[in-house]
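Single-letter residue listing:
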Amino acid sequence: MWLLADLAKAIDAEMIGNGNTTISGIATLERAEPHHLSFLSNPRYRPQLGNTKAGAVIVGDADRDGTQVPRLVVRNAYASYAKAAQLLYPEKRPQPGVHPSAVIDPTAHIPANCSVGPHTSVAADTRLHEGVVLGAGVRIGSGVEVGAGSFLHDGVTIYDACSVGQRCILHSGVVIGADGFGMAWSGSSWIKIPQIGRVLIGNDVEIGANTTIDRGALDDTIIEDGVKLDNLIQIGHNVRIGAHTVIAGCTGISGSTHVGKGCRIGGGVGIVGHVEICDGTTISGFSLITKSISVPGVYTSSIPSQPHRTWMNTLASLRSLPELTKTIHALKRQQNDTTEDGQS
Amino acid sequence: MWLLADLAKAIDAEMIGNGNTTISGIATLERAEPHHLSFLSNPRYRPQLGNTKAGAVIVGDADRDGTQVPRLVVRNAYASYAKAAQLLYPEKRPQPGVHPSAVIDPTAHIPANCSVGPHTSVAADTRLHEGVVLGAGVRIGSGVEVGAGSFLHDGVTIYDACSVGQRCILHSGVVIGADGFGMAWSGSSWIKIPQIGRVLIGNDVEIGANTTIDRGALDDTIIEDGVKLDNLIQIGHNVRIGAHTVIAGCTGISGSTHVGKGCRIGGGVGIVGHVEICDGTTISGFSLITKSISVPGVYTSSIPSQPHRTWMNTLASLRSLPELTKTIHALKRQQNDTTEDGQS
Amino acid sequence: MWLLADLAKAIDAEMIGNGNTTISGIATLERAEPHHLSFLSNPRYRPQLGNTKAGAVIVGDADRDGTQVPRLVVRNAYASYAKAAQLLYPEKRPQPGVHPSAVIDPTAHIPANCSVGPHTSVAADTRLHEGVVLGAGVRIGSGVEVGAGSFLHDGVTIYDACSVGQRCILHSGVVIGADGFGMAWSGSSWIKIPQIGRVLIGNDVEIGANTTIDRGALDDTIIEDGVKLDNLIQIGHNVRIGAHTVIAGCTGISGSTHVGKGCRIGGGVGIVGHVEICDGTTISGFSLITKSISVPGVYTSSIPSQPHRTWMNTLASLRSLPELTKTIHALKRQQNDTTEDGQS
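Residues numbered from 1 in each chain as written. Chains lettered and ligands numbered in written order. Predicted model: local features only at pLDDT ≥ 70, side-chain atom pairs only at ≥ 80, totals over all residues. Heavy atoms only, no water.

A.B. asks: Pulling in residues and values, what's your account of the interface of chain B and chain A?
C.D. replies: The extent of an interface is frequently quoted as the accessible surface area lost upon association of the parts. The interface of chain B with chain A comprises 68 residues on the first partner and 67 residues on the second. Carbon and sulfur atoms make up 66% of the area that chain B and chain A hide from each other, which totals about 5400 Å². For the chain B face of the interface with chain A, the top three residues by lost area are F181, W190 and L218 of chain B, together amounting to 12%. Taken together, the links from chain B to chain A amount to two salt bridges. The partner of E206 of chain A in a salt bridge is K192 of chain B, with the nearest N and O atoms 2.8 Å apart. (Contact = heavy atoms within 4.5 Å. Buried area = accessible area lost by both parts, 1.4 Å probe. Salt bridge = Lys/Arg side-chain N within 4 Å of Asp/Glu carboxyl O.)

Okay, structure coming up:
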């Protein structure tokens, strides 16, 4: 339970209206009740601002007069909503302590304020820093380091020698440090190339459920500070992801590719191996990157669906396009001849 | 072991031939032996009907005279095959009881006819209903509800406060209720938006291996009754999937999108966030949906492969298509001029 | 620590230079130090050959005089690098023995030289062969067979009745033998078709993290010897993958499709169900296969990204292509008429 005036102070907002309004949760403009704080950041919801039953709303400067309910006026309504939500819904963490069913190697270092869940194992020479949480059924290899405050949810696996920074969140089913996909054809079979690099993950990184990040072949795979990865993403060996880059679900990045800082990569994207994507690049969802990108901007190759028959027509035309191109060039030559004839 | 006559009664089929034929299994027309029941539903296999060694076959009315072996004539041969297969291969369930290595919070409610496998954990205030099966290494958070008869295979994870309906099947590696991919840019870093919604799963839902369904940001993510999800699917926060919709593997659905009832969505599909797909929509595999769909039908944007060189030619033509379009329009203008000249 | 002369003998290379050079690791040409062996296989790195600080290098015959450092001359530098790396970085395996927290059914057969990690369970009638390693939190169903020397990493799940060959490597989160995606529409709901086939995996197969392979519906799903699968791949029921085929990450193969031997399939590929891909086929990443392939070669349908605005122009042209095609044909007819007129 917060007083609106206290929230205003905490998120550094200008308050208009009754600061004694009590707030106990957040809801959308449409669903909010009088004990809720709401917010307007997406302009499509502006029509709901006048009718909301919220006890208070977060708005940008342009909407300061768009409602009569108590309001918090801020520069970036979405970021301020995020901050307020963190205050109203503080992350729940389990009590410190190691569950008796956990299996901890005697050489592992686990500070007393860490929490280790049931059926979790921690191998030799691994070091957890202060306040780390390992959920249930987590498997940590040997020689691993996990930075202070990080939270590894149920069923995360970290292979030997990898490291995770501070305040990271790894969701269930994440696999860090499995072997990269490296092999050489002998002439009759594939010879496995030992994957001896590590995965090094920076601070404040969040990784979604069932995402996989492979260890490097010779050098390391690197995820820099503040990177946010969604679910079911595949990061190949020796990839580097620059700081604060975000990547949506089902995207795959092949080996040795370097993605710059502050990039925004959509879902279902593919990036081939051994390319460089410069800082600040945006890649639309469902697009394929086959070459290095050296100019920031938005890159796309996705095709939105059409009714099936319409698309089949388009596809048929596409397939005859090389033939069609020849026809056009022939027509042009003929046209020019005709015109010249006419002029002569 | 079934008598054919008993099977006929059980699946409500018209029987032709010897009802005392004993049936102990099901096989394809090509591989069936005399103790097998077989079936014809896909017309491409009709030529095999005359030669099958099966003890009996399920056929539609049109094929009632297509073979001399004892047969069960039905309206929908594929559905009847499914029913017969369920009778001949009843699902195996482990014995009731909680394995001694399982870790169950004392406040959790687990009826005596449930089965809980080794290394499974169930957190506080969670309620399993009658006959629930949890495999090995399952992790159930706190405040979770699992409906009667549901089967959660080895290694499933359910986060706090989510619920699963009755008679559901969740395959290994499924993650229900991880945080949605929500954050706001502060100007220098991403601020996490607490994901306080839940995942609510209806009755008779089946979810394939390693599929992930994120919890809602403010409201809930909802999977309605009878939905069938294949493997490695990503369902974003606040998505709603309508009853009896089926989705094939490797498909991703972004946040806040609503998919209608009775939809059929292929594999490798992408659907952007915040759109509405109406009831009864079919989306071809490998297609992208970027806008709401309000008319049921089949939607497609996938491109089948060609020999590499052919495709490279097509692609080159495609890239020069805007230029080509200008050429054509110029030709057309010229043509019109010429024709007019000719006419004048 | 190896003497170069010993390495030369072990990988069957011609040695030039000081055979007493001691080698303790492998590094890229750029990063190698005097105790490292390096290699040149990708011609783009040839300029680095002259400047490397490596103690020795593996080169092909064409590069035998490209450096003054001791060198191993071979036919296939990449394969020889792989062999040398295996010698310099031998795979680490845990000590034999069954961890006390593991739960082993009394009817399971586990030779004394196997290693079974913490919180791993092995169900009834399962047989591990000599030297098998099961990591932590592995779940093996009943009636499973795992061939000699195979290594199942932490958190792998094998359903009942499946089998894994010799010397296989399964990475964390792999799920073998979950139910295939089979159901029949009854008219009002989906009826589950029991999936009674198995998954049979040959020898020397490697499977990447969180990849899923479904069991067959009636017959078995088969992965032949020497197949290499990357992470997050989905293999549907009754698929057969031919020997030594390699498949990159995020690819999905639908049910009953047969992929030949020695195929190379890129990442993010989709292959529909019930098709046959012949031996020796290459499929480019991000491509879709909708029909059987009977001629080996490279098949492609992927579209590389362009700057967003350029692509939007191309897409607009593509959508008006059927209309444009009509215009061109009309122009051609007119042109022909004009020309005929001119000739008459």
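A.B. asks: Give me the pattern of salt bridges: which residues, what numbers.
C.D. replies: Residues and elements named next belong to chain C. With the rule as written, the count across this model stands at 36 salt bridges over all chains. In this structure, D179 and K192 form a salt bridge, with 2.8 Å as the shortest nitrogen-oxygen distance. Residue D179 is found in the loop between β20 (175-178) and β21 (183-185), and its partner K192 is found in strand β22 (residues 190-192); the two are separated by 13 residues along the sequence. Like D179, the residue K192 is buried in the burial classification. (Helix = DSSP H or I, 4+ residues; strand = E, 2+ residues; numbered from the N terminus. Buried < 20%, exposed > 50% of the residue type's maximum accessible area, 1.4 Å probe, protein only.)

A.B. asks: Explain the packing of aromatic side chains to me, and be specific about the residues and the numbers.
C.D. replies: For the coordinates displayed, the defined rule picks out 12 aromatic pairs over all chains. Seen from their ring centres, F39 of chain C and Y78 of chain C are 6.4 Å apart, and the 50° between their planes marks the pair as tilted. One end of the pair, F39 of chain C, is in strand β5 (residues 36-39); the other, Y78 of chain C, is in helix α2 (residues 77-88), with 39 residues separating them in the sequence. A relative accessible area of 15% means that F39 of chain C is categorised as buried. Exposure remark for Y78 of chain C: the relative accessible area of 32% places this residue in the partly exposed category. An aromatic cluster is defined as three or more aromatic residues linked by ring pairs; in this entry it consists of F39, Y78 and Y81 of chain A. (Phe/Tyr/Trp six-rings, centres within 6.5 Å; stacked < 30°, edge-to-face > 60°.)

A.B. asks: An account of the confidence of the model for chain A is needed here, citing residue identities and associated values.
C.D. replies: Averaged over chain A, the pLDDT score is 96; the fraction of residues at 70 or greater is 98%. Among the prediction metrics, the complex's ipTM stands at 0.96, with pTM recorded as 0.96. (pLDDT = per-residue confidence, 0-100.)

A.B. asks: Account for the sheet that holds strand β25 (residues 212-214) of chain B, with residues named and values stated.
C.D. replies: Reading across the sheet, the 10 strands line up as β9-β11-β14-β17-β20-β25-β28-β31-β34-β37 (chain B) and stay open at both edges, with parallel pairing between neighbours. Of all the strands in the sheet, just β9 (103-104) and β37 (288-289) of chain B have a single pairing partner and so form its edges. (Pairing = 2+ DSSP bridges.)

A.B. asks: Which residues make up the domain arrangement of chain A, and what values go with them?
C.D. replies: Partitioning chain A into structural domains gives domain 1 (2-88) and domain 2 (308-343). Summarising the inter-unit geometry, the C-alpha centres of domain 1 of chain A and domain 2 of chain A are found 58 Å apart. (Domains from an automatic or database assignment.)

A.B. asks: Before we move on, could you go through the interface of chain B and chain C and cite the residues and values that matter?
C.D. replies: Facing 67 residues of chain B, the contacting portion of chain C comprises 68 residues. The junction of chain B with chain C conceals about 5400 Å² of combined surface from both sides, 66% of it contributed by carbon and sulfur atoms. Scanning the region where chain B abuts chain C turns up two salt bridges. In this assembly, chain B and chain C are joined by 21 residue pairs in polar contact (both at pLDDT 80 or more). Sorting the residues of the side of chain B that touches chain C by element identifies α2 (77-88), β27 (228-229), β30 (246-247), β39 (306-307), α3 (308-319) and α4 (321-343) of chain B as the ones contributing at least two each. In terms of residue count, α4 of chain B provides more of the side of chain B that touches chain C than any other element does, 10 residues in total. Its residues assigned to classes, the side of chain B that touches chain C shows 32 nonpolar, 24 polar and 11 charged. Bridging between β39 of chain B and strand β38 (residues 298-300) of chain C involves two bridges; their strand directions are antiparallel. Of the residues in β38 of chain C, the one forming a bridge with P307 of chain B is Y299 of chain C. (Polar contact = N/O pair within 3.5 Å; in protein donor to acceptor, adjacent residues only side chain to side chain. Nonpolar A, V, L, I, M, F, W, Y, C, P; charged D, E, K, R; others polar.)

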